[in-house]
Amino acid sequence: MTPRITIVGGGSYHWAPRLLADFANTPSLTGSSVVLHDLDTERMKLMQDLGREMADRRGIAMTVEAEGERRRALDGADFVITAFSVGGFDSMQHDIEIPQRFGIRQPIGDSVGPGGILRALRSVPVLLDIARDIETVAPDAWLVNVTNPLTALCRSATRETNVKTVGLCNEWVGCSWVLSLLLDCGMADVDPILGGVNHFPLATSLRVGDDEDGFVRLHALLNDPERAAVEPIWMDPPDRAGWVKVSPAEHWTKLDVIENNRVRFELFRRFGVLVGSGDHHSVEFMPSFVHPANDYGRDWRVHHYGMGGHRRDADDDVEFYEEMRDASDVTRMPSGELVAQLLDGMVTGKAKHLPVNLPNEGNVTNLDAGAVVEIMGVADGSGVHGRDKTTVPGIMGEFLRRINVVQEWTVEAALSGDRELVLEAMLADPIAAQLPYEKIIEMTDEMLAATARWLPQFDA
Amino acid sequence: MAPRIVIVGGGSYQWVPKLLVDLVNTGSLAEAEIVLQDIDPDPLEPMADFVRHVVGLKGLGMTVSTTTDQRAALEGADYVVVTISTGGFASMRHDLEIPERHGIKQSVGDSVGPGGIMRALRNIPVLVGIARDMEEICPHAWMLNITNPMTTLCRAMTHETSIRTVGLCHEIAGAQFALSLLLDSSFLDLEFELVGVNHLPILTSLRVDGDDGFDRLRALLADPDGLGNEPVKLPAGFGEAAALAGGVSKREILEHHKVKLALFERYGVLPGAGDRHLVEFFPGFLTEESGWGKRWGVALTTIADRERDAAGHRGMLAEMRASNEVSTMPSGEMVAPMIDAFLRDRPHAFPLNLPNSGQAPDLPPDVVVEAMCVADGRGLRPRDQARLPNVLAEWLRRVSASQEATVRAALSGNRDQVVEAMLLDPLAGRIDFDHVEQMTDEMLSATARWLPQFA
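Here goes a summary of the coordinates provided. (Residues numbered from 1 in each chain as written. Chains lettered and ligands numbered in written order. Predicted model: local features only at pLDDT ≥ 70, side-chain atom pairs only at ≥ 80, totals over all residues.)

## A look at the overall build of chain A
Under the convention used in this document: Here a strand is any run of E in DSSP of at least two residues, a helix any run of H or I of at least four, and the numbering for each starts at the N terminus. It is over C-alpha atoms that the radius of gyration is taken, and the globule rule equals 2.2 Å times the number of residues to the power 0.38. By the criterion used throughout, residues are in contact when their C-beta atoms, derived from the backbone, lie within 7 Å.
Counting its regular elements, chain A contains 17 helices and 13 strands. The C-alpha radius of gyration computed for chain A amounts to 21 Å, which stays within 12% of the reference 23 Å derived for 460 residues, consistent with globular compactness. Along the longest, intermediate and shortest principal axes, the C-alpha atoms of chain A span 60 × 55 × 40 Å. Contacts in chain A between residues far apart in sequence, at least 24 positions, make up 68% of those at least 6 positions apart.

## Considerations on the interface of chain A and chain B
Counted only if it meets this: Side-chain classes follow a simple rule in which Ala, Val, Leu, Ile, Met, Phe, Trp, Tyr, Cys and Pro form the nonpolar group, Asp, Glu, Lys and Arg form the charged group, and the remainder, Gly included, forms the polar group.
Contacts between chain A and chain B engage 20 residues on the former and 22 residues on the latter. Element by element, the count of residues in the side of chain A that touches chain B is highest for helix 15 (residues 394-416) of chain A, at six residues. In terms of residue class, the side of chain A that touches chain B is made up of twelve nonpolar, five polar and three charged.

## Remarks on the packing of helix 4 (residues 88-101) of chain A against helix 17 (residues 437-450) of chain A
All names here are of chain A. Formally: The axes used here are C-alpha line fits, helices contributing only the stretch in contact, and every angle between their N-to-C directions lies in the interval 0 to 180 degrees. Each angle is binned into one of four classes, with values under 35 degrees roughly parallel, values over 145 roughly antiparallel, values of 65 to 115 roughly perpendicular, and all other values oblique. When the near helix sits turned anticlockwise from the far one by under a right angle, the crossing is termed left-handed; a clockwise turn instead gives a right-handed crossing.
Contact geometry for helix 4 and helix 17: axes closest at 10 Å, N-to-C directions at 150 degrees. In this view, helix 4 runs roughly antiparallel relative to helix 17, as classed from their interaxial angle. In this structure, helix 4 meets helix 17 at a crossing whose hand is right-handed. Where helix 4 abuts helix 17, its residues His-94, Ile-98 and Pro-99 lie against Met-443, Glu-446, Met-447 and Ala-450.

## Examining the packing of helix 16 (residues 415-424) of chain B against helix 17 (residues 433-446) of chain B
All names here are of chain B. Packing of helix 16 against helix 17 leaves a shortest axis separation of 10 Å and a crossing angle of 125 degrees. What the angle tells us is that helix 16 and helix 17 run oblique. Crossing angle aside, the handedness with which helix 16 passes helix 17 is right-handed. Within the contact between the two elements, helix 16 uses Arg-415, Val-418, Val-419, Met-422 and Leu-423 and helix 17 uses Val-436, Glu-437, Thr-440 and Leu-444. When its residues are assigned to classes, the contact of helix 16 with helix 17 shows six nonpolar, one polar and two charged.

## Some points on the nonpolar core
Formally: In these notes, a nonpolar core means any group of buried Ala, Val, Leu, Ile, Met, Phe, Trp, Tyr and Cys residues linked to one another through C-beta atoms within 7 Å. The burial criterion counts other C-beta atoms lying within 10 Å of a residue's C-beta, which is placed from the backbone; the residue is buried at 20 or more, exposed at 12 or fewer, and partly exposed between these limits.
Ranked by internal contacts, the top residues of the largest apolar core, which has 277 residues, are Val-80, Ile-81 and Val-144 of chain A together with Val-80 and Val-81 of chain B. Not counting residues up to four positions away in its chain, the partners in contact with Val-81 of chain B are Ile-5, Val-6, Ile-7, Val-8, Leu-19, Leu-144, Ile-146 and Val-335 of chain B.

The following block contains the structure:
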């Protein structure tokens, strides 16, 4: 089978180069016909050129075409990857800056909290338009969504359409790297049971290698800071990780790993659940880590992106594209994104185990059936399925339940265009609810007004 | 057979005199045997003396005895009323002062929030001790708990012991009174359904003289200027209370209920406890920016306020003892009327705190919830099944999760579980993670002598 893969948002400097390189490096996908669709014709063309160049360099059969008409782009697709941002930085700026004026600092602002809620309101209608087109022109296709907020978006598609939908995120990949440093193993050797939502995936147990209990080993290490302060790690953190050297040793040590993932390991130590996303994401689900008294999380080494950080990331993406364009070969370094692996499992029928976002079918007992959950899944010839069943214990289970309620309401608000429902989501959102009651109302009104042009469903 | 009614904490000047007046005014209890038990012997004799005085005035066959021995008191008991406070103001001071140093001001501090959690940790072992004695000595007696925090205390009883337990709180009567004044109705002509937890009971429907009471309330709120400043007319039969409230206008009454009315305007249902309690469940109303509730008309009750009240309660008992008349005004407490409904098998509806067996479909089974229940010769059963709007239902689930954690912590004596209850509590969980933990440790350590299970 030579799959037809449509990338909606195919002009993305971030996604297109990475996905195309991953496809070129995945034997089952080297014969794919890739269709790029984007509102930005010029960038779509740039990425088409890049993809064709990659195919030439490798001498593979992958074809790449750019198609500006969406239905035509989707027609006959086996896989549709959605990677878009409604309003880009122009809209996102309001997600970050309006709450900031009210005293709320969101380290990233793309999943939950006021920023995540508004982003969902903008993106849900667009994703649903795409999904409805898929229902018509490619009803058997898998929709592979990588757009944030992932949970709310996937939920809207599974709730409102018949399209087979899966959400993918690379946060667990980052966590498996951290674990590989601490447990002296390969990234592929750690296998968790996950139960959570996107950007708050919670490992309730962890196997290392064939039968070792990773949690036992982690607790032993955390309880022995002297050992952690001297034991080296198998690779130094890359500069862009921005880690601070803490241990006195000349080399990077396991203590440095722990200290640069403070929230993750604090929660693990206390509550026995390992958060599989970076601290900058997870604290938006537990805002007592983002409080003036801890310098909005900086005391916990929580990294704040701010608009500057988001813009820097975007500049890096352009630079990465240019490197790819000017290289003589195609990089063999995996992007760390899971799209190609997922497709590979489905195309070859050889089961791939990876974290996925799917409707809950009893996989996470804390959450309702149908809620979109991040769990370990299996991609094979029959599609993608949740693999495990787990209960998130204690306080972490309750925080998960709380946020998922808000996510369900966010979807409801995005679909209905009802301002009251937006406010209800804000009132129950852990970050927004840090504000005085009347300020939550004021902030919600301001955010809706400032981004009104991207929110047609709220037109009175 | 004369019922034997034991009051554990029978020396409470705040609660016992008004309970006693209600008991002597209840016909079915004319021959009742009242037992006042307290670990402090000093107030017991004045209380018993007061009972003998009014029994003499009314010519009843009621008897009263006192003891400091809990097990002796429970012998043969039919009803055990619990009105205790472990450590009194000496412990409660820490419930308020320590959180304040960490940036949390509490308006009451007796139901949820850091104060409510600590109070539960102190009182739950005492109540479990009473219930354990009851299991041996009077296993069929009812425990009528009026001690705070009511929800967690009752939940610990029903979770941990076989004693039939019900929690009784007067907050609904207060809301009912305010509504009757606002809607020109008699107190008893209001019919409502409600659901929630203690100090956050929520009226989901209201009928007044055949009308939708919520519609009438909305009409009133839509035109506050039309209310004028005329003092409200009190319903007939209020006697001296009429003089007390005589100068109050409807506009002023609204000013005292801003929080519940704001919630009513948003969600269409009406919280039925005093605003000072409500804000501890909805800390968006209890913020520095709003003057710690001032903007919403909420004042913080301090220990000094409570000490003044306590002195007033003592004075009140002395006055009542000196008088040769017994007030016939019901106190608003439900102990006497509920026992009356049991004894005479006359079904009567009360707002009561019982395990959720379906009366609160938005909350998990078995957690203790406040809802309208029917008391009769067969005992108690929930009357209604009331659903809440989304946001309030979710808010109650969050509160309930913290209350469940509180009960677990109180029973286990595990300090980490106290931190977890605090983190889950909407008010305590508002401050940063480290301060939640520091505050918890400081509170545990300052009140350690009342927390033997954490030793």
